[in-house]
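Tertiary structure, described
Listed here are the chains, written in short residue letters.
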Amino acid sequence: MHQLVKWLARASAMIGGIVLLGLIVLTTLSIIGRELSKLGHAMDNGIGAAIVALGVDEIRGTYELTEAGVAFAIFAFLPVCQFYGQHATVDVFTSGLRPRALGWLRAFWEIVLTGVILFIALRLFEGMQRYLGNGETTLFLQFPVWWAYALAVGAATIASVVALYCAFARVVEAATGRAILPEG
Amino acid sequence: MDILREIVQWVGLSRLELGFWSFPILLGLIFLRAPIGLAMFLIGLLGWIFAMNGNPTPILAKLKSETYTTFSNYSLTIIPMFLLMGQFATLSGMSSALFRAAEGFLGHRRGGVAMASVGACAGFGAICGSSLATAATMGRTALPELRRYGYSGGFSTATLAAGGTLGILIPPSVILVIYAIITEQNIAKLFLAAFVPGILAAIGYVITISIYVRLFPASAGTRPPVPWPDRWRALADTWPVLAIFGIVVGGIYAGWFTPTEGAAIGAAGTGLVALLGGNLTWRLLGEALIGTAKTTAMIFFIVLGASLYNNFLALSGAPQWLADVVLGQGFAPLLVLSVVLAFYLVFGCIMDSLSMILLTVPIFFPVISGLDFGMTPEHVAIWFGILVLIVVEVGLITPPVGMNLFIINNMDRDTPMAETYKAVLFFVGSDIMRVVLLVLFPAITLFLIPA
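Structure report, in brief. (Residues numbered from 1 in each chain as written. Chains lettered and ligands numbered in written order. Predicted model: local features only at pLDDT ≥ 70, side-chain atom pairs only at ≥ 80, totals over all residues. Heavy atoms only, no water.)

Thoughts on the overall build of chain A
Along its length, chain A carries five helices and zero strands. Walking chain A from its N terminus toward its C terminus, one meets helices and strands in the order α-α-α-α-α. Compactness check: chain A gives a C-alpha radius of gyration of 23 Å against a globular reference of 16 Å for 184 residues, more than 25% above the reference. In terms of overall dimensions, chain A has a C-alpha envelope of 75 × 40 × 30 Å along the principal axes. Considering chain A as a whole, with its 184 residues, one finds that 46% of them fall into the buried category. As displayed, chain A has an accessible area near 9,100 Å², and 69% of this comes from carbon and sulfur atoms. (Helix = DSSP H or I, 4+ residues; strand = E, 2+ residues; numbered from the N terminus. Rg over C-alpha atoms; globule rule 2.2 N^0.38 Å. Buried < 20%, exposed > 50% of the residue type's maximum accessible area, 1.4 Å probe, protein only. Areas by Shrake-Rupley, 256 points an atom, 1.4 Å probe, with all protein chains shown as cover.)

Let's talk about the overall build of chain B
A count of helices and strands for chain B gives 23 helices and zero strands. Over its C-alpha atoms chain B spans a radius of gyration of 23 Å, differing by no more than 12% from the 22 Å that the globule rule assigns to 451 residues. Residues classed as buried in chain B amount to 61% of the 451 residues present. By sequence separation, contacts in chain B at least 24 residues apart represent 80% of the contacts at least 6 residues apart. By element, 69% of the accessible surface of chain B is carried by carbon and sulfur atoms, the whole surface being about 16,700 Å². (Contact = heavy atoms within 4.5 Å.)

Section: the packing of aromatic side chains
This model, assessed by the stated rule, comprises 31 aromatic pairs over all chains. On the basis of an interplanar angle of 75° and a centroid distance of 5.3 Å, the ring pair of B:Phe105 and B:Trp232 is categorised as edge-to-face. Here the residue B:Phe105 occupies a position in helix α6 (residues 94-106), and B:Trp232 occupies one in helix α13 (residues 228-236), the gap between them amounting to 127 residues. Overall, the relative accessible area of 21% leaves B:Phe105 in the partly exposed class. Between B:Phe343 and B:Phe364, the ring centres sit 5.3 Å apart and the planes meet at 80°, which makes this aromatic pair edge-to-face. Residue B:Phe343 is located in helix α18 (residues 333-348), and its partner B:Phe364 is located in helix α19 (residues 353-370); the two are separated by 21 residues in the primary sequence. Accessibility expressed as a relative area gives 16% for B:Phe364, which makes it buried. Among the aromatic residues, ring-to-ring pairing joins A:Phe93, B:Phe31, B:Phe343, B:Tyr344, B:Phe347 and B:Phe364 into one connected group. (Phe/Tyr/Trp six-rings, centres within 6.5 Å; stacked < 30°, edge-to-face > 60°.)

A few points about the interface of chain A and chain B
Across the boundary between the two partners, chain A contributes 54 residues, which contact 57 residues of chain B. With both sides pooled, the region where chain A packs onto chain B buries about 5,200 Å², and carbon together with sulfur makes up 77% of that total. Here chain A and chain B share three salt bridges between them. Among the salt bridges present, the one from A:Arg10 reaches B:Glu287, with a minimum N-O distance of 3.1 Å. Joining chain A to chain B, the criterion identifies eight residue pairs in polar contact (both at pLDDT 80 or more). Among the elements of the structure, α1 (2-42), α3 (62-83), α4 (99-134) and α5 (145-176) of chain A are those that each provide at least two residues to the side of chain A that touches chain B. (Buried area = accessible area lost by both parts, 1.4 Å probe. Salt bridge = Lys/Arg side-chain N within 4 Å of Asp/Glu carboxyl O. Polar contact = N/O pair within 3.5 Å; in protein donor to acceptor, adjacent residues only side chain to side chain.)

Quick word on the environment of A:Val70
Inspection of the secondary structure puts A:Val70 in helix α3. Between the alpha carbons of A:Val70 and A:Ala152 there is a distance of 9.8 Å; along the sequence they are 82 residues apart.

Some thoughts on the state of the cysteines
Residues and elements named next belong to chain B. Applying the stated rule across the entire model yields zero disulfides over all chains. Left unpaired, Cys-128 is separated from the closest cysteine sulfur, that of Cys-121, by 10 Å. Of the residues examined, Cys-128 reaches a relative accessible area of 1% and is grouped as buried. (Disulfide = S-S within 2.5 Å.)

Here we look at the nonpolar core
Residue and element names in this part refer to chain B. Formed by 216 residues in total, the largest nonpolar core has its most connected members in Ile-79, Tyr-344, Met-351 and Phe-384. Broken down by element, this core gets its largest block of residues, 18 residues, from helix α16 (residues 282-316). With sequence-adjacent residues up to four places away left out, Phe-384 is seen in contact with Tyr-179, Leu-337, Val-340, Tyr-344, Phe-364, Phe-365 and Ile-368. (Core = buried A, V, L, I, M, F, W, Y, C linked by side-chain atoms within 4.5 Å.)

Looking at the side chain of A:Ser160
Residue and element names in this part refer to chain A. With respect to the helices and strands, the residue Ser-160 is situated in helix α5. Classification of Ser-160 by relative accessible area gives buried; the value is 7%. The residues touching Ser-160, leaving out its near neighbours within four places in the chain, are Ile-117, Leu-118 and Ala-121.

Structural notes on the pattern of salt bridges
Here the structure, examined in full by the defined rule, presents 16 salt bridges over all chains. Its salt-bridge partner being B:Arg33, residue A:Asp91 comes within 3.5 Å of it at the nearest N-O pair. Of this pair, A:Asp91 sits in the loop between α3 and α4 while B:Arg33 sits in the loop between α2 (15-31) and α3 (36-51), placing the two residues on different chains. Here B:Arg33 falls in the buried class, since its relative accessible area comes to 13%. The salt bridge partner of B:Lys62 is B:Glu66, with a shortest N-O separation of 3.2 Å. Of this pair, B:Lys62 and B:Glu66 both sit in helix α4 (residues 57-71), separated by four residues, roughly a single helical turn. On the basis of relative accessible area, B:Lys62 is assigned to the partly exposed category, the value being 23%.

Here we look at helix α9 (residues 153-164) of chain B
All names here are of chain B. Here α9 spans 17 Å end to end across twelve residues, near enough to the 16 Å set by a 1.5 Å rise per residue. Most of α9 is tucked away: twelve of the twelve residues are buried. Residues of α9 that are buried: Gly-153, Gly-154, Phe-155, Ser-156, Thr-157, Ala-158, Thr-159, Leu-160, Ala-161, Ala-162, Gly-163 and Gly-164. Buried residues along α9 sit in contact with α7 (112-125), α8 (131-148), α10 (166-169), α12 (187-215), α21 (403-411) and α22 (417-440). (Expected span 1.5 Å × (residues − 1).)

Written out as structure tokens, the structure reads:
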């Protein structure tokens, strides 16, 4: 079970990371194309004309893909953040607690956090249905907005599953005093 | 839902009062170890419901698109790209190239290897926007060298922890991006403004080191000088850093591309350097992606909570009310600024810099921008941003929760934390003197920025 959730969280982060890498390559190529095209138009000779004739230019819709891709990536990144206990906290005021009490405190917040992640995922699903209903599309590439939402809902579902497991694991940790989830 | 309405009526607070009560309650939750983003999300949500007299429908409707809109915000997409760039930078081998170059020129002086570490940190900061990554990477490179040349444990760890803060002072800087977005300022101008204070920070640390080794001569050894041709060759090896920094920061400033596009090019460039240097295996690429994923998710969860909370605060009118009251009292602008900066210094000791900025800038910024410092509003915003950036970064090297101190100290098991604390106070002193200097002479920060 633990290994499966760990694999799920890491695989999800990997997919998000690969999307991010793809966007980085896409953006870089787009800028090179745009600058070459500017250069081609500026040069008043054969080379310039050749560049223009090749039709090199920026890649249309890069902005839209970046926005949709990064939104998906961030939802896909949530599970590892949760699994490895990476959410920012202030620890100084509770560091004096006995391990038992601290364990229950962490379990409590983990449960609340899980509740919020499930809540966010459900709201996102409702949002997707709204765009499914109104058929809105993006400006340049004209793809339906609900596609981007659907990808985000998929990632948020994985985040919800991992969050449920983490809440369960923190409760077991608090009850048994044994560490289950990795630190850092 | 009727129960909600009854509770709200029983509590019976006006919106403004809700705004004021929300802050101490939020702090209470955070001090009870609630994840910071979660606490802001919850209080923001409850605040909205209370402000709507117990009617949850508006906020529930808003939340259908709020998370997606926040996570897909084009200005914010720069953050994962800069974080990945930082991950690639740690794999690029540039940390040792920078260290060799700096050490060639400085190593034979008294305290020279420590000065070289600071110089290399500054160089690394030009391709990495995160303090922790800079401290960790330079620590791995420079700590063994410092110990080899007989530098004392606490002095070595303190130098690297302080040097790590240059990662975020010298652009690109993730924290500045967040500040720029909250206050609706131009990222390129903020990067440009951070440049001179960042260099000043490095110079201040070098001076600190030279004072330290004179006070405690036993704490530092020396090494034989490196021949001049070798020095130049080592310097030449650092060209990718200069090229990437020039293209990214220069290109954003010159308007060739948007900040996000600049970050993408920077990430592609540092990735390429790591790949060509043979340091980028599939396994390390995977680790870099996972590392980026953890930090990105952590940051965006706080950004999400903050956006909801700040939305509620704006709705309550509390920040504007506070600004009006402070401005109405006719306090001296410098006094108000000093109080705010002192607050950040104290708070920085217990909270991480990003959370602190997201939590407090929306409250303090209206106050500061309403004061008359004899500058344009844009200059005030940029100047305040750089000052806040510096004071929150001091928190990374002050006890009890200075993250940089922990990272470096963990690498050197022989050195007790107390030794690091003692030595780092000298660097904190240097930081505070720099803040005073920048407050008294805004031109140091602003002379590069066109009015």
